[in-house]
Structures are given as C-alpha cells and as structure tokens.
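One letter stands for each residue in the lines below.
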Amino acid sequence: MAGQRGRDLLLKVSNGSEPEGFITLAGIRTTTFELNAESVDATAADSPEGWRELMSNAGIKTARIRGNGVFKDAESDRRMRALFFDGALVIWQLVIPGLGTLTGPLHIRSLQWSGTYDAEASFAIDLESAGALAFAAIA
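In this text the structure is predicted, and so the values were computed from the model without any measurement.

Counted according to the given criterion, the structure contains 1 aromatic pair. Aromatic side chains Phe84 and Phe85 sit 5.2 Å apart centroid to centroid with 80 degrees between the ring planes, which places their arrangement in the edge-to-face category. Classification of Phe84 as partly exposed rests on a relative accessible area of 32%.

Okay, structure coming up:
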C-alpha cells in the first residue's frame, strides 16, 4: 500500500439532521486513533497443558481518538465548546484514507486550547467511544 497524506485523515461531527450528515469542525494537523479489546481469561484447571484460554467476544471494546489543530472559524470553536460543556454524546466520524470510516457516539474526554503570541491559537481534543462504533471499509 502506498503512503497516505496525514492531512486526509479527517475528524467530523454529525450535523444533527435527518438524514445524518457530517461536518469537519476544524483543521486537524495530527490525529491518532486506537482500538482496544480487553480479553477475558477463561483458563481452568483442565485447560490443555496449562495454556491460558480466552473467551471469544467477551471483553470490552473501546476506541480513543486524539487530534491537534486549528479551528476553521469562530462557529466551529463555539460548536466544539458547546459539545464539551453540554457533555453531549453525538455521532462522530473518523475518515481514514485508503481504509474507510469509523462512525459512532463519542465523548469529549478533554479539550485544550493553546497559542503563542506569534502564531495561531490551536486546540487538542481527546475523544473516547460511548457506544458501538461501525467501520465501513472503502470498496
């Protein structure tokens, strides 16, 4: 697989309409995501040769998405602040170039603003899954 441009990795939020659409809130400069699946140990006294056994599909699945960037405009800054202070669980979408999209309810775990006197103001966001996420691969 050829390399992908980092700027093509997009973080979007639901616009709340029917049918659901998504809008990009900000210019994300760096984004990382991780998917986790805890294991459940099912090892028993009669496990073959004492090897650990795990239960299939029994653990808790989580996702975490982190991004840094700059807001597109004052409205996108206001929307993200409102989502944080309301504690709203809304549908977000992570577009992963060459792979697909990850969509589902996410909670804003942390939201940070920073800036220096000779550069633009920037933000950092940390999102965590708040329900089932769906993955749609690129066909």
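For the rest of this paragraph, the subject is unusual backbone geometry. Trans peptide bonds make up the majority, and among non-glycine residues the majority have a negative phi. Of note, the bond from Glu18 into Pro19 is cis; its omega dihedral lies within 30 degrees of zero at -5 degrees. Relative to the assigned elements, Pro19 resides in the loop between β1 (10-14) and β2 (22-24). One non-glycine residue, Glu49, lies in the positive phi region at around 50 degrees. Structurally, Glu49 is set in the loop between β3 (26-37) and β4 (61-71).

What counts as what
Residues numbered from 1 in each chain as written. Predicted model: local features only at pLDDT ≥ 70, side-chain atom pairs only at ≥ 80, totals over all residues. Heavy atoms only, no water. Phe/Tyr/Trp six-rings, centres within 6.5 Å; stacked < 30°, edge-to-face > 60°. Buried < 20%, exposed > 50% of the residue type's maximum accessible area, 1.4 Å probe, protein only. Helix = DSSP H or I, 4+ residues; strand = E, 2+ residues; numbered from the N terminus.

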